[in-house]
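Structural overview
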Amino acid sequence: MLRRPRRNRKNAAIRGMVQETHLQVRNLIYPLFVVDGKGIKEEITSMPGNFRMSKDEVLREVRACLKLGLTNFILFPAVAESFKDKTATYSYHKDNFYLKIASAIKKRFPETCLISDVAMDPYSSDGHDGYVEDGEIINDVTLPILAKMSVAQAEAGFDLIGPSDMMDGRIQTIREALDEEGFYTTGIMSYTAKYASAFYGPFRDALDSAPKDGDKKTYQMNPANAQEALIEAELDTQEGADFLMVKPALNYLDVIALLKQNFDLPIAAYHVSGECAMLIAACQNGWLEYEKAMPETLQSIHRAGADAVITYFAKDYAKLASRKGR
Ligand code: PBG
């Protein structure tokens, strides 16, 4: 045998030298669920280790994460039913607690990167990402609402606006609205290829944001499609996105790789709630070892081509990395 690939796996030093990808804490984005009020930190049942937090608790959490080198956060609001309506007006209301929490974080910790969520579902009485009329999601009525929401978020201090709604033309509408208001340095992390996935369940439990009727298949992508992601990525690029995102991550590693190979924009991937819940459940049963399965999982998403990985395991990964001195 002339070729023996095992020679390059002989010891840890050699393995270290030839390691092709290195997932670092700075590549990670940590989702935080926020609620109105004070002194609230409730664990989300289907996502152990994740909490709905009020402003004081979120600030404490961000401080703890920064100590671990974790600087990137994506915020989601859990809104009381009484604030929800057909047109999601609370999403840009000046008293919106979500916006206030973002401002408080940026003021206290300007070194953070804060990413928002743009979609109507947390604020909509219909629980859909767009405006609903006679059971249909109306694209072009939704766009100006998303634009208003985005401008309010930029005003609050978010660094990146994160449209997760999958309406057509939203990136351009949002980009123009931001520029018109002078927010030309606020970026857009577009949920480019967001699939109508069964793996969002725990997230919808956390926010109580499941659709009241029907499903999201007329706007989120069909899990059977990859080619179509190229169309979405092309449009997002033309419309002014700064990041292209694939969501979920694990079942869509091929799509992550496809976008990485075909586009120059940085790629983000969202390792979603159901993917996280599966792994936790297996670990709780003693079927998998968390400290090994978790980093391998995140590493695989990075290896597939994701520059940034949104994951509920970000803090645990950062803890592990600081312990190992990575
Ligand atoms: C809202 C939104 C969802 C997620 C992120 N933003 C749910 C959905 O589209 O129904 C899911 C995230 C996760 O499951 O971790 N538009």
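One can find the structure itself at the top, above this paragraph.
Attention here is on the structure that accompanies the text. (Residues numbered from 1 in each chain as written. Predicted model: local features only at pLDDT ≥ 70, side-chain atom pairs only at ≥ 80, totals over all residues. Heavy atoms only, no water.)

**Considering the site of the ligand**
Around the ligand, a shell composed of 18 residues is seen, among which Lys-194, Arg-204, Lys-247, Ser-273 and Tyr-312 lie nearest. A distance of 2.8 Å is found between an oxygen atom of the ligand and a side-chain nitrogen or oxygen belonging to Lys-216. One of the side-chain nitrogen or oxygen atoms of Gln-220 is found 3.0 Å away from an oxygen atom of the ligand. The fraction of the free accessible surface of the ligand (400 Å²) that becomes covered by protein chains is 100%. (Near = heavy atom within 4 Å. Polar contact = N/O pair within 3.5 Å; in protein donor to acceptor, adjacent residues only side chain to side chain. Areas by Shrake-Rupley, 256 points an atom, 1.4 Å probe, with all protein chains shown as cover.)

**Description of the packing of helix H3 (residues 97-108) against helix H4 (residues 139-156)**
Contact geometry for H3 and H4: axes closest at 8 Å, N-to-C directions at 30°. Considering their axes alone, H3 and H4 lie roughly parallel with respect to each other. In contact with Tyr-98, Leu-99, Ala-102 and Ser-103 of H3, H4 contributes Ala-152, Gln-153 and Ala-156. The class makeup of the residues in the contact of H3 with H4 is five nonpolar, two polar and no charged. (Axes fitted to C-alpha atoms, helices over the stretch in contact; angles between N-to-C directions. Helix = DSSP H or I, 4+ residues; strand = E, 2+ residues; numbered from the N terminus. Parallel < 35°, antiparallel > 145°, perpendicular 65-115°, else oblique. Contact = heavy atoms within 4.5 Å. Nonpolar A, V, L, I, M, F, W, Y, C, P; charged D, E, K, R; others polar.)

**Details of the pairing of strand E10 (residues 243-247)**
Where burial is concerned, most of E10 is hidden: five out of the five residues are buried. Burial along E10 is two-sided: Phe-243, Met-245 and Lys-247 facing one way and Leu-244 and Val-246 facing the other are all buried. Here strand E9 (residues 187-194) runs beside E10; their pairing, made up of four bridges, is parallel. Across the sheet, residue Ser-190 finds its bridge partner in E10, namely Leu-244. Bridging between E10 and strand E11 (residues 267-271) involves three bridges; their strand directions are parallel. By the bridge assignment for E11, Leu-244 is matched with Ile-267. Handedness of the crossover joining E10 and E11 through helix H8 (residues 253-262) is recorded here as right-handed. (Buried < 20%, exposed > 50% of the residue type's maximum accessible area, 1.4 Å probe, protein only. Pairing = 2+ DSSP bridges. Right-handed = clockwise from strand over helix to strand, strands pointing away.)

**Some thoughts on the nonpolar core**
By size, the foremost hydrophobic cluster in this structure holds 111 residues, and its most contacted members are Phe-33, Leu-75, Ile-105, Met-189, Ile-256 and Tyr-270. Here this core takes nine residues from H4, the largest share from any one element. Apart from the residues lying within four places of it in its own chain, the contact partners of Met-189 are Ile-29, Ile-115, Leu-160, Ile-161, Gly-162, Pro-163, Phe-243, Met-245, Ala-268 and Ile-310. (Core = buried A, V, L, I, M, F, W, Y, C linked by side-chain atoms within 4.5 Å.)

**Thoughts on helix H9 (residues 273-284)**
Residues spaced three or four apart along an α-helix face the same direction, because each turn holds 3.6 residues. The terminal C-alpha atoms of H9, which comprises twelve residues, lie 16 Å apart, in line with the 16 Å expected from a rise of 1.5 Å per residue. Every buried residue of H9 is listed here: Ser-273, Gly-274, Glu-275, Cys-276, Ala-277, Leu-279, Ile-280, Ala-282 and Cys-283. Elements in contact with the buried residues of H9: strand E3 (47-53), helix H6 (201-207), E11 and helix H10 (290-304). Directly after H9, the chain includes Gly-286, whose backbone phi takes a positive value near 80°. (Expected span 1.5 Å × (residues − 1).)

**Details of the packing of aromatic side chains**
Counting across every chain of the model gives 13 aromatic pairs. Put simply, the rings of Phe-33, Phe-76, Tyr-191, Phe-203, Tyr-270 and Tyr-312 touch in pairs and so form one group of aromatic residues. The lysine or arginine in question, Lys-247, covers the ring of Tyr-200, its NZ or CZ lying 4.7 Å from the ring centre. Over the face of the ring belonging to Phe-203 we find Lys-247, whose NZ or CZ atom lies 5.9 Å from the ring centre. (Phe/Tyr/Trp six-rings, centres within 6.5 Å; stacked < 30°, edge-to-face > 60°. Lys NZ or Arg CZ within 6 Å of the ring centre and 35° of its normal.)

**Some thoughts on H4**
Over its 18 residues, H4 runs 26 Å from end to end, which matches the ideal 26 Å to within 8%, given 1.5 Å per residue. Within H4, 13 of the 18 residues are buried, leaving the element largely enclosed by the surrounding structure. Gly-157 lies just past H4 and shows a positive phi near 115°.

**Side note on a negative patch on the surface**
A cluster of acidic residues, Glu-155, Glu-176, Glu-180 and Glu-181, forms a negative patch at the surface. On the accessibility criterion, Glu-181 (48% relative accessible area) is partly exposed. (Patch = residues over 30% accessible without salt bridge, like charges linked within 9 Å, V, L, I, M, F, W, Y side chains within 5 Å. Salt bridge = Lys/Arg side-chain N within 4 Å of Asp/Glu carboxyl O. Lys, Arg positive; Asp, Glu negative; His and termini not counted. Charge placed at Lys NZ, Arg CZ, Asp CG, Glu CD.)

**Remarks on the side chain of Glu-61**
Counting through the fold element by element, Glu-61 comes out in helix H2 (residues 55-67). Classification of Glu-61 by relative accessible area gives buried; the value is 8%. Aside from chain neighbours lying at most four places away, what touches Glu-61 is Tyr-30, Leu-32, Lys-41, Met-53 and Lys-315.

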